[in-house]
Structure formats: structure tokens, C-alpha cells
2 protein chains.
Amino acid sequence: MSKILRINMSDRTTTYEDVPDEYKFLGGRGLTSTIVHEEVDPTCHPLGPNNKLVFAPGIITGTNAPTSGRVSVGAKSPLTGGIKESNAGSAWPQLVAKLGIKAIVVEGYPTEDGWWGVRVTKDGAEFFDASEYAGKGLCEIFPGLFERFGSKVGIAAIGVAGEMRMGMAGVCFNDIENRPTRYSGRGGMGAVIGSKKLKFIVVDGDGAPGVEIADKDLFDQGRKKMLDALRTHDITKPKGTLNTYGTAALVNVLNEAGGYPTRNFRSGRFEGAATTSGEAIFETNQKRLGKELYNHGCHPGCTIQCSNTYHKPDGTEHVSCIEYESTWSLGANCGIDDLDAIAELIWLCNDIGIDTIEAGGTIAVAMDAGLADFGDSQAAIQWMEEIRQGTPLGHILGNGAATTGTAFGWHRVPGCKGQNMPAYEPRAVKGIGITYATSTMGADHTSGYTIAPEILAVGGDVDQFETDKADLSRAFQQTTAFIDSSGHCLFIAFAILDIPEGFEGLVEECNGVLGTDWTGDDVTRIGQEILDKELAFNRAAGFTKADDRMPEFMKYEKLPPHDVVWDVPDEALDAVFGS
Amino acid sequence: MSKILRINMSDRTTTYEDVPDEYKFLGGRGLTSTIVHEEVDPTCHPLGPNNKLVFAPGIITGTNAPTSGRVSVGAKSPLTGGIKESNAGSAWPQLVAKLGIKAIVVEGYPTEDGWWGVRVTKDGAEFFDASEYAGKGLCEIFPGLFERFGSKVGIAAIGVAGEMRMGMAGVCFNDIENRPTRYSGRGGMGAVIGSKKLKFIVVDGDGAPGVEIADKDLFDQGRKKMLDALRTHDITKPKGTLNTYGTAALVNVLNEAGGYPTRNFRSGRFEGAATTSGEAIFETNQKRLGKELYNHGCHPGCTIQCSNTYHKPDGTEHVSCIEYESTWSLGANCGIDDLDAIAELIWLCNDIGIDTIEAGGTIAVAMDAGLADFGDSQAAIQWMEEIRQGTPLGHILGNGAATTGTAFGWHRVPGCKGQNMPAYEPRAVKGIGITYATSTMGADHTSGYTIAPEILAVGGDVDQFETDKADLSRAFQQTTAFIDSSGHCLFIAFAILDIPEGFEGLVEECNGVLGTDWTGDDVTRIGQEILDKELAFNRAAGFTKADDRMPEFMKYEKLPPHDVVWDVPDEALDAVFGS
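Values in this document were obtained by computation on a predicted structure and should not be read as measured data. (Residues numbered from 1 in each chain as written. Chains lettered and ligands numbered in written order. Predicted model: local features only at pLDDT ≥ 70, side-chain atom pairs only at ≥ 80, totals over all residues. Heavy atoms only, no water.)

Digging into the overall build of chain A
Right, on to step 1. Looking only at helices and strands, one finds 23 helices and 16 strands in chain A.
Right, on to step 2. Along the longest, intermediate and shortest principal axes, the C-alpha atoms of chain A span 60 × 55 × 50 Å.
Right, on to step 3. In chain A, buried positions account for 67% of the 579 residues.
Right, on to step 4. If you take every contact in chain A between residues at least 6 apart in sequence, the share linking residues at least 24 apart comes to 70%.
Right, on to step 5. Here chain A displays about 18,200 Å² of accessible surface, and carbon together with sulfur accounts for 47% of that area.
Right, on to step 6. Taken together, the 51 basic and 79 acidic charged side chains of chain A have centroids lying 2 Å from each other. (Helix = DSSP H or I, 4+ residues; strand = E, 2+ residues; numbered from the N terminus. Buried < 20%, exposed > 50% of the residue type's maximum accessible area, 1.4 Å probe, protein only. Contact = heavy atoms within 4.5 Å. Areas by Shrake-Rupley, 256 points an atom, 1.4 Å probe, with all protein chains shown as cover. Lys, Arg positive; Asp, Glu negative; His and termini not counted. Charge placed at Lys NZ, Arg CZ, Asp CG, Glu CD.)

Put into C-alpha cells, the structure is as follows:
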């Protein structure tokens, strides 16, 4: 039977609880948002004793369903002040699920100094002293951790930024080669767990019973439909777009559309796009390695395999992974057109334990405010070291773009609810802007990726400048909340939007595991139920419609090359989730 | 006829407008809050092009009514994100009023570098290049300004903190000896005017027509009643409490009551209270000067005269003025028990152009977060220099306690709506806590000074721990909004609460100037009308009941010596202004 594992940092105890009936059909984001909604006072201080951090594998995570090794990390966010779910792919949640653990709740607050880890096995959970690992880079300490605990364990960790309770600190998970590269990056989840002095959760799946599947035939039927869809769609198939060029395949596409935010959202087009694109990554690797290099999965069982490595001139590995969001945030958004510099900045983010999106957005705001010139990659690298060292400037930058704007009195901060925007210009692509503004998560493309129909002609084909997209954004946000609960990577969306059998497969996989009889309509219903809990939390935390708005400067500053402002009426934003 | 002067920083033009009929009976806070409410988009960025800063003398300011030289400064606050009125006493607003100017509105946004001043005379308003004064301390540049413009002008100015758009930057006004010491300190009004690159407004009253008085006899009758009340009450009379010991007379009183916040609100009692009290200031001056030194007014015509000077061991002047709030914020709240160090810190605040309350509160939060030990006055002085220099640490601290808490991931930040609390512990004195939580201004004692009946037995005598004080707080907030509009100093409240004729005098003075027929009931009505505009602005800016709350740690941390937590029910807070 599945359990909930509670880790109490006040008295350093761990307890296993039965899963309440009302949580039985929840997983991933549905479960983290429910537990946070039920157990965390929305008015609590995110870094005080009354916040809780919840990890939950998805419903089908730990099974052999393709591309399903996702974990949700939830808490009250120190970055947004609202509820947060931040999602990553790793073997870690697969091991958690196989151990029969539906969620891990980290709660309480230590009164003593020191850092702690928890090791979870089939026999239980025990603390270990982790103080020796504090203050060091994750790339430095990960090899020793796997030596100590075994190469097949999964590790959730925070870096020095999390130790220092910085708002851009993520929770890091090991990738398939046990690098510290897969992040629940957004919203400062690393700061929350850092405030509780928990440095690691090591999960050893040895002898794990595996995930219970209520209806194996149905599950297998769904799994096969999903697999076929993923293997068929141009974006997700082997040697398809994502497998070849990674997510950075989007660079040239968004740049062409004039929606690629450049130099802190001063333009929608970057003259250095081509040299920092997915194609450039592929070609550089090919040149430096003397062969074509296709991508790998971030967790076992992923068939999309979009995670890349980037190599130095001598062919040795520089970093994994250069995502679209990362090459943009630390590239175009900072006016940096040098892939080697971008790779170094991403490596630093991984090592320090911070979100690449917020990091790049913050550097861009600092440059915009006059602290360095756009394009000055050496300044950016130096600032990363300031974050690592915890200098005063590091504490400003480490707390994100909004805090950086406040510290330097700078009003051009392109964020919503305190979280900086990702790599899609809302003035040029209105639907994603509606998602940024109305998402329970702050500015977040993964909350409702309307880019699919607006730019990629996936799941429809709508004009990027059309403003009447409240329904579109809502539909995407609902479906996304469900996918984030399923344990599938959001990238299945490309295949299931275009291939109806893929969508059927998603529902059947979940029904197979849970023994439910959900239909396609339940996807929308369940998604909305999750959003309703998140919306209720945020309202109780003090959010109003005034928080569902774009930053003011986007309303009066025209964005080149299309010379567009943010012109979606407030009423359209309010129509997404009603009043 | 009265005019409104608009200073447009986009094109550096000044214009005079007739006062609209609906503004005719407004002054001070009533007028600033009305103009901000009418003209400023509540969702605008406080430091962006669409905020406006409004100066308004009170209704009777510029007349010979006693203690009436007050100015209101209003804008959207970069510290709270809501509407702000910050009030100071100086000859400056008296000169503005005598020139027939009812309000000065600073608007627009410069596109060029450089700093500007505006000189206002009876003949009009003209710009002058103020770049030569930028980057320098106010104590350094004030003498030269008065040499240039004449010793009888009034000067409104910002210091380097305002130039750097810091959230604790105030607007400074000259005192009666033309020192830069009287501040509209709270809420970052100096940052707003700094964002517009306006450094000074110099007002020359030469040949000014003076304030029109509709009914001179009625005004004189009211003025006499007010004067009698002020000269009779023990707190406000010559050689009374305030004239002898200054506002710091409160130190021992609040300390005795266990309501004197110490070491970032970790205790309600400070072992160094006696050596940093008003009595200690008086005695130290007596010892160092060889004579009793009574206080002086902050503007011509003040009969209370509570503003002190503090002298060095050799008898030379160190600083003016050591207020109660300042000796507390930079003393007890930082664990500093040395008046000479406190004097130096206040002098630095005056020179740099920052609010002493927010400055001390910020230093205390930084100490609490572990950046220095409590009591380390050298660290505090060094931090002031960091603010002056605009170092990264200076940018953190200069933006106040909430930003400092965010930067260092520290949850013990004793503020409401982003503004740090003044020198009354809300856990030990519940009514003032209700005011802090519900005030439109963020944590602010001057919004509704229930300390009078709770601690001083003025205007009633209620138990400090009693929680049922929503009505009390509302009544004080209403009356205060009226007094802040009248142009009287809030300290008239002591006399008019206890002496009915003083209250009559207040109303008659206003009726005399305006030709109105207000009664005592209108004071409440007019006060509530002002609050209603402020509340509407804040709601539109996104404030909800969740913002009308105490910081969470006060709900679970017991405050010595009374071991009390914040236990006023949320319902009582919501009852202050309804839903």
C-alpha cells in the first residue's frame, strides 16, 4: 500500500502515514497542490517554520509508461508568495514511487545549526549528517555522494543558493548519468527546503516493490497508444526535432516570429539567435566530436530524449543540458551570443543550484539597470560567483529579478507575481502572455503552453497577435494541471494534441494504474479542480485580479520588430478564471 | 486665487492651474490623497513614468495658527506599493501656501541624464541645473543653497538615497535654522521624486500675498482656543514634556509598559532605555553645555517646540533632532545604548536623505539575520556609508527592512505592507497594532495614535492588552486624516483630546480659512472620506484583507517581559474598515 512519508526537521523524525482516501487518485501536482492547500497557512512566511515542502511523483511515475519520470515539488513560494508546483524529470521520483511512497512532506523547522540528509530505502527513512557537503558546488559533491550511497540511488539536493535561502534556488535531481542537472527550478523551492536545513533526500530503490497497477491490460493498452503517438509525431519521434536539436530547436522559430525576448525584453528578435540555437548546438558538437550527437533522456524510459550535452573545443563535455529556456535566458536576454559562455553560465547554475530562467532574467534586469553592458558575459560569470559566495550583490541577484529591480530602483522587470518571464514575448504572442498573467504560478510557460497553436501549429493554428485567447489559455492550463499530475513530461502534449490516440493513451494509463474510469472530459475537470485549490490558496495569500496583470512597461513600450504593446484587455485576463 | 503648480519632468515645463471646485476645501493629506487617487493609476510602477508626487500644505498652513507648518507629500509608494502620505513640519509649506499654491504636482519622466531644481517665486516657477549638487551629502550642500537662493527661502530636497531611488529615501525640508533635518521620511517619497530627476524645489516667499482667510474673526477665535489648549496641556505647554525632553520623553514610558521594541522586536523592554531617553538627552546637553536647553520649533509659529539639538562632549552641535522614533530605531531596536552613536546615525540619515525609522528597522533586521551583532554601532555606521556609496549592500539596506529580509532569506521582518514598524510593540499594545495592520500607509503610528489612551491616559484610559479596539483605531485614523489635512502637527491631538475647546478651535480655524460651516461631526466624515479614497487606491493596487495582517512571527513568538503574542482576531482587523 502507498504511504506518505513525513520528514520533520524540528525533531528530526520520519513517519509513514497511510494515504487518505481523498488523496488516492492524486499524484504529482494534484497531490502537492492539495497537500499545500490543506496543510499550509497561505499567510505564513515562506521561509518560516510553518511552510511545508512536498515532493510527489506522478500517478504513473515508476511504471514503464514512456516519458513518465516526473516529480512535482510544491510549497508556498518565497519568490511569488503564492502556491508553487515546480516539475522535473529524473530517476529520483521513479524510485520514490517504486518504494510505494506517494508523497514526501518536509515540515518543521530546526533550532540547531547543521545540515542534514535523509536516506530512504525499502526499510524506512533515516537522517544522516550532511554538514560536510554544505558550501560546496553540486558538481563537486555529486560523485562522492553516489560513491557513498551507490550509483543506482536517486538524489534530490539543494546547492549553496538553497542553503542561503535564495529565491532563485531550485531543487536539483540527478540525471541518467548522475549529474546534478535536472531541476525543479522555479519559485525558490530550494530556499524553502534550505530554510529547514535539509540538504539531500537520497532514495535507494533496492528491493522496491514497484508501482501497483490496478488494471494491467488497460494500462498496457494506454501505454502502447502513448508510445505510438510519441514515436510518430515529428517533434517527439526518435531523431525528430527534440531528439536532434533539443528544446533549443525553438530559438530560430521564436526569433523568426519576433517573439524571442532580447536584452531584457527590449526586442523580440536577437541578431545572435542563429549562433545560440539548437541547430548551432548540434553543429558545434558535430564539429568538436567529429560525429552527429543525438540527445538522451533525463530519466530512464523517456522516448523523446531531448536532453543534450554540449562539448568544449577539445571534445570534453562542458555541460548538460542547454535547454531552450537556458540558451535564451543566459543568451539573448542578456545580449550574449556565445554558446561557450552560455554553457559556462548554465554549468554555474547547475553547480550553485539555481533556476536558469530566473538567473538569466535577473542578469538581464541588472544589465538593463546599468550594472554592466548587455553582452558582457564575463560580468555575468562574475555575478554567478557572487551568488555562490553570498556577497551582498550575490544576495540581491540570487533572490531574482524582482528583488534586483527593487534593489536598484529599476522598473523594467518583466515578471508576473514576482517570477520572471520565460522565453516568449507576451506582446508578440498574446496567449502565452495571458497564461503568464493568470497562472497560479507567476509567469510560467509550462502552466499553459499556448505557444503550441500560436507558433508551432500544434493542436490548432491561431494568430499570434490575436488577443481573444482566454478560453485557449484556460484549456491549456487545465490540461497541463492534469499532465503535471500524471507524471508524464509536458512534451507529450505535442503528440496528444495532434494524435487523438495519444490522448486516449494518457487517460488509459492513469485508469490502468488507479482503477478509475476517467474519460477525456475528466482531464479538464480534474485539471480545473487542481487549479481551484491553487487559486484558493493564492486568494487567501492575498492575491487579487491586480496580480493577474502584465508589468506596466509592456503596456506603453513598443516591442520591435512588430512594434506591439501588451493590448489584451484586463477583462480577457479576468475571464480566464472568472471573478 | 489659489493655484495648483504642475512640474513636468518630461519636457521640463511648469504650469499653474486653477483649483477645481471639488478640491477647494481640501488641503494637506486630503488633497494629496485625492490627487493621487484621481490621477495615478494604482497599478503603475512607483518608479516608472506614470507615478506622480504631490506636495500640499495644510488648510491653515501659512496662517498664524500655532503649530501649523505641515506639508503632506503623496504618491504611490515604492516601499508599500500603495498610496502614501508622508508628513513633515517646515517653513517650506508655509511659503508655498503664502504664494497661493495649494499643491505642487511633480509628474512626467525625463529621458536625459542630469539633475534639476525648480525655484518658485511670486512670479512663477523656473528650472535650474542641479547636477553640481548630486552625489553629495545634504548637510554639505544646504549652506551653499541658502547662500545662493537667500536665507529666507524654503527648500525641499532629496539626498543621495533619493537619487539612487531607494525605498527608504525621504523628502527633506529645511528646519528653522536651515538644516536639512525635517523629513517626509516614510514610504520612499524621495525615491519617487528621484526617479524623475528632481533634486530640489526652492520656494522664495518674497512678496507673497499670504493665505486668504474667509472669516478672519472666526479664524482668530479658533486660533486662540487652540493656542490656549496647547499652552495648557502638560504635554504641549512651554517647558512641558515635549518642550523639555522632546518626543524621546516616551522612551522610559514605553519601556516601563513593556512595549518598547528591542533588538528587532525580540523584547518589549531595553536595558539601555534610560541612557537613550529624552531625559538622558536633556541631561547630557545640560552637562555638556553647562545649562538647561529647552527645545525649539521645527517651523516658525510652533508653540509646542519639541525639536531638540544634541551636543558633543565639547558642546558643539552634533545633530538635530533626536526624536523618540530615531533614538529607538537606531538605539534599542539595534541593541545600541550609546546616545553619541545614535546621534551620529541620525546625522547620517539626515545627510544621506533617509527615514530614520526604516533605517533603524533595516539595520535591526540585518543584525537579526546575522550580518552583525546587536549593539555593534560601528557596523551600523559602516552600513550607512554603504547606503551613501550605493554599494550592493547599500542598495539592499537602502530599500528597507522588507527587501533586506528578502535578500537574506530572513523571516523576522516586523512590518506591515512592506513598511517597518515604528517604536511601539503591537503584541504589548494591541490598538496600535490594529492601526499598523489596517492603515492605508503600512505600519505607521501616526495613522492612528491609539498610544494616547492605551499608554498615556490621554483622551481616555484603556488597557494596553485589550484586543477589542477596532472602533478605537478607526476613530483615531479618521481624526488623524483630518488633522493631517488641516496643516496642524499631529501633536495638537494631546491637547484637543483632553481639552474640548482645543477641538473646537481646530474646526473654527479651518472654517475661518475656508468659509465652511463644519462641525465636530464633519471631522470624522471628512477623515473617513480621505481614508475611503486611500482604501480604494490600495484595493485597485491589489491589496486585500490578507495585507491587513501582522507579520506571522508575532503570532507564535512570545514577547518578553509580558510573554504576549499577537492575538487580535482577524475579524477585529477586518472590522476597522469593513469588507
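Brief notes about unusual backbone geometry
Right, on to step 1. At the junction of Ser320(A) and Cys321(A), the peptide bond is cis and its omega measures out at 15 degrees in the coordinates.
Right, on to step 2. Tracing the chain through its elements places Cys321(A) in the loop between strand E14 (317-319) and helix H10 (324-329).
Right, on to step 3. Residue Thr67(A) is not a glycine yet carries a positive backbone phi of 55 degrees.
Right, on to step 4. Secondary-structure assignment places Thr67(A) in the loop between strand E3 (53-57) and strand E4 (70-76).
Right, on to step 5. Even without a glycine there, the phi angle at Asn264(B) is positive, about 55 degrees.
Right, on to step 6. Among the structural elements, Asn264(B) can be located in the loop between helix H8 (250-256) and helix H9 (278-289).
Right, on to step 7. A relative accessible area of 0% means that Asn264(B) is categorised as buried.

Side note on the interface of chain B and chain A
Many authors give the size of an interface as the accessible area that is lost as the parts come together.
Right, on to step 1. In this assembly, 30 residues from chain B lie in contact with 31 residues from chain A.
Right, on to step 2. Summed over both partners, the interface of chain B with chain A comes to about 2,500 Å²; 57% of that surface belongs to carbon and sulfur atoms.
Right, on to step 3. Across the contact surface, chain B and chain A share zero salt bridges.
Right, on to step 4. Scanning the region where chain B abuts chain A turns up 16 residue pairs in polar contact (both at pLDDT 80 or more). (Buried area = accessible area lost by both parts, 1.4 Å probe. Salt bridge = Lys/Arg side-chain N within 4 Å of Asp/Glu carboxyl O. Polar contact = N/O pair within 3.5 Å; in protein donor to acceptor, adjacent residues only side chain to side chain.)

Regarding the relation of the copies chain B and chain A
Right, on to step 1. Rotating chain B by 180 degrees about the axis while translating it 0.0 Å along that axis superimposes it on chain A, leaving an RMSD of 0.0 Å. Such values leave the two copies arranged in the relation of a two-fold axis. Among all C-alpha atoms of chain B, that of Pro392(B) lies closest to the rotation axis, at 2.8 Å.
Right, on to step 2. Taken as a fraction of all interface residues of chain B, those also at the interface in chain A reach 100%, which identifies the copy contact as same-surface. (Least-squares fit on C-alpha atoms with pLDDT ≥ 70 in both.)

Comments concerning helix H13 (residues 377-389) of chain B
All names here are of chain B.
Right, on to step 1. For H13, with 13 residues, the first-to-last C-alpha span of 18 Å sits near the 18 Å given by 1.5 Å per residue.
Right, on to step 2. Where H13 is concerned, the buried positions are Ser377, Ala379, Ala380, Ile381, Trp383, Met384, Glu386, Ile387 and Arg388.
Right, on to step 3. Against the buried residues of H13 lie helix H4 (160-163), helix H11 (339-352), helix H12 (356-368) and helix H14 (392-398).
Right, on to step 4. The positive-phi residue at the C-terminal boundary of H13 is glycine 390, with phi of around 70 degrees. (Expected span 1.5 Å × (residues − 1).)

Side note on the sheet that holds strand E1 (residues 3-8) of chain A
Residues and elements named next belong to chain A.
Right, on to step 1. Strand order in the open sheet made by the six strands is E2-E1-E6-E3-E4-E5, with mixed pairing throughout. On the outer flanks of this sheet lie strand E2 (13-18) and strand E5 (83-89), each paired with one strand and no other. Across this sheet, the average inter-strand angle for adjacent strands is 20 degrees, counted without regard to direction.
Right, on to step 2. The sheet contact formed by E4 and E5 spans seven bridges and is antiparallel. Within E5, the residue paired with serine 72 across the bridge is asparagine 87. (Pairing = 2+ DSSP bridges. Axes fitted to C-alpha atoms, helices over the stretch in contact; angles between N-to-C directions.)

Concerning the packing of helix H16 (residues 430-438) of chain B against helix H18 (residues 470-486) of chain B
Residue and element names in this part refer to chain B.
Right, on to step 1. Interhelical geometry of H16 versus H18 gives an angle of 60 degrees and a closest axis separation of 9 Å. By the angle between their directions, the pair H16 and H18 is classed as oblique. Between H16 and H18 lies a crossing whose hand is right-handed. For the pair H16 and H18, the contacting residues are Gly431, Ile434, Thr435 and Thr438 in the first and Ala470, Ser473 and Gln477 in the second.
Right, on to step 2. Along the lines of polarity and charge, the residues of the contact of H16 with H18 split into two nonpolar, five polar and no charged. (Parallel < 35°, antiparallel > 145°, perpendicular 65-115°, else oblique. Left-handed = near helix turned anticlockwise from the far one by under 90°. Nonpolar A, V, L, I, M, F, W, Y, C, P; charged D, E, K, R; others polar.)

Looking at empty space enclosed by the protein
Residue and element names in this part refer to chain A.
Right, on to step 1. In the structure shown here, the tally under the stated rule is four cavities of 30 Å³ or more.
Right, on to step 2. Around the second largest cavity, the lining residues are Thr244, Tyr245, Gly246, Gly278, Ile281, Phe282, Asn285, Leu293, Asn295, Asn308 and Thr309.
Right, on to step 3. Put simply, the parts of the chain that give the lining of the second largest cavity at least two residues each are helix H7 (241-245) and helix H9 (278-289).
Right, on to step 4. Here the lining of the second largest cavity gets four residues from one element, more than from any other, and that element is H9.
Right, on to step 5. Looking at the lining of the second largest cavity residue by residue, the class counts come to four nonpolar, seven polar and no charged. (1 Å grid on protein atoms, 1.4 Å probe; cavity = no way out; pocket = protein on both sides within 12 Å on 5 of 7 lines; lining within 4 Å. Points joined across faces, edges and corners; volume = space filled by probe spheres on them.)

Section: the environment of Ser486(A)
Residue and element names in this part refer to chain A.
Right, on to step 1. Tracing the backbone shows serine 486 in helix H18 (residues 470-486).
Right, on to step 2. Note: C-alpha distance between serine 486 and arginine 288 (198 residues apart in sequence) is 39 Å.
Right, on to step 3. If we ignore the near neighbours within four places in the chain, the residues touching serine 486 are Gly58, Ile59, Ile60, Thr61, Leu506 and Cys510.

Some remarks on the pairing of strand E7 (residues 116-121) of chain A
All names here are of chain A.
Right, on to step 1. The element E7 is extensively covered by neighbouring structure, given that five of its six residues are classed as buried.
Right, on to step 2. Hairpin geometry of E7 and strand E8 (residues 124-129) is characterised by an intervening segment of two residues between the two adjacent antiparallel strands.
Right, on to step 3. Examined bridge by bridge, E7 and strand E12 (residues 198-203) share five bridges and lie parallel to one another. Opposite valine 120, over in E12, you have valine 203 as the bridge partner.

Section: the environment of Gly542(B)
Right, on to step 1. Among the structural elements, Gly542(B) can be located in the loop between helix H21 (520-541) and helix H22 (553-556).
Right, on to step 2. A residue is classified by how much of its surface remains accessible, and Gly542(B), at 8% relative accessible area, is buried.

A few points about the packing of aromatic side chains
Residues and elements named next belong to chain A.
Right, on to step 1. Here the structure, examined in full by the defined rule, presents 34 aromatic pairs over all chains.
Right, on to step 2. Note on tyrosine 245 and phenylalanine 282: the rings are 5.5 Å apart at their centroids and 75 degrees apart in plane angle, and the pair reads as edge-to-face. One end of the pair, tyrosine 245, is in helix H7; the other, phenylalanine 282, is in helix H9, with 37 residues separating them in the sequence.
Right, on to step 3. With relative accessibility at 28%, the residue tyrosine 245 sits in the partly exposed group.
Right, on to step 4. Relative accessible area serves as the criterion here: at 7%, phenylalanine 282 is assigned to the buried category.
Right, on to step 5. Through successive ring pairs, a cluster of aromatic residues spans Tyr260, Tyr324, Tyr424, Tyr449, Phe491 and Phe494.
Right, on to step 6. Over the face of the ring belonging to tryptophan 116 we find arginine 12, whose NZ or CZ atom lies 3.7 Å from the ring centre.
Right, on to step 7. For the cation-ring pair, arginine 412 lies above phenylalanine 553, with the distance from its terminal atom to the ring centre recorded as 4.4 Å. (Phe/Tyr/Trp six-rings, centres within 6.5 Å; stacked < 30°, edge-to-face > 60°. Lys NZ or Arg CZ within 6 Å of the ring centre and 35° of its normal.)

Digging into the sheet that holds strand E11 (residues 180-184) of chain A
Residues and elements named next belong to chain A.
Right, on to step 1. Across the sheet, six strands lie side by side as E8-E7-E12-E9-E10-E11; this open sheet has mixed pairing. Both outer strands of the open sheet, E8 and E11, are each paired with one neighbouring strand and no more. The average angle at which neighbouring strand axes cross in this sheet is 25 degrees, direction not considered.

Re a negative patch on the surface
Residue and element names in this part refer to chain A.
Right, on to step 1. A cluster of acidic residues, Asp461, Asp463, Glu466 and Asp468, forms a negative patch at the surface.
Right, on to step 2. Here aspartate 468 lies in the loop between helix H17 (451-455) and H18.
Right, on to step 3. Owing to a relative accessible area of 66%, aspartate 468 belongs among the exposed residues under this scheme. (Patch = residues over 30% accessible without salt bridge, like charges linked within 9 Å, V, L, I, M, F, W, Y side chains within 5 Å.)

Overview of the packing of helix H6 (residues 216-232) of chain B against helix H20 (residues 500-514) of chain B
All names here are of chain B.
Right, on to step 1. The contact between H6 and H20 brings their axes to 7 Å, and the two run at 150 degrees. When the axes of H6 and H20 are compared, the pair comes out roughly antiparallel. The two elements H6 and H20 meet at a crossing, and its hand is left-handed. Residues Leu218, Phe219, Gln221, Gly222, Arg223, Lys225, Met226 and Ala229 of H6 lie in contact with H20, whose contacting residues are Glu501, Gly502, Glu504, Gly505, Leu506, Glu508, Glu509, Asn511, Gly512 and Val513.
Right, on to step 2. Its residues assigned to classes, the contact of H6 with H20 shows six nonpolar, six polar and six charged.

Some thoughts on the nonpolar core
Right, on to step 1. If you look at the biggest cluster of nonpolar residues, it comprises 228 residues, and the most contacted ones within it are Met384(A) and Met384(B).
Right, on to step 2. Excluding anything up to four places from it in sequence, Met384(A) contacts Leu330(A), Leu345(A), Leu348(A), Cys349(A), Ile352(A), Ile354(A), Ala359(A) and Ile363(A). (Core = buried A, V, L, I, M, F, W, Y, C linked by side-chain atoms within 4.5 Å.)

Re the environment of Asp18(B)
Residues and elements named next belong to chain B.
Right, on to step 1. With respect to the element layout, aspartate 18 can be found in strand E2 (residues 13-18).
Right, on to step 2. Separated by 84 residues in sequence, aspartate 18 and lysine 102 have C-alpha atoms that sit 9.7 Å apart.
Right, on to step 3. A distance of 2.5 Å separates the side chain of aspartate 18 from the side chain of lysine 3, its partner in a polar contact.

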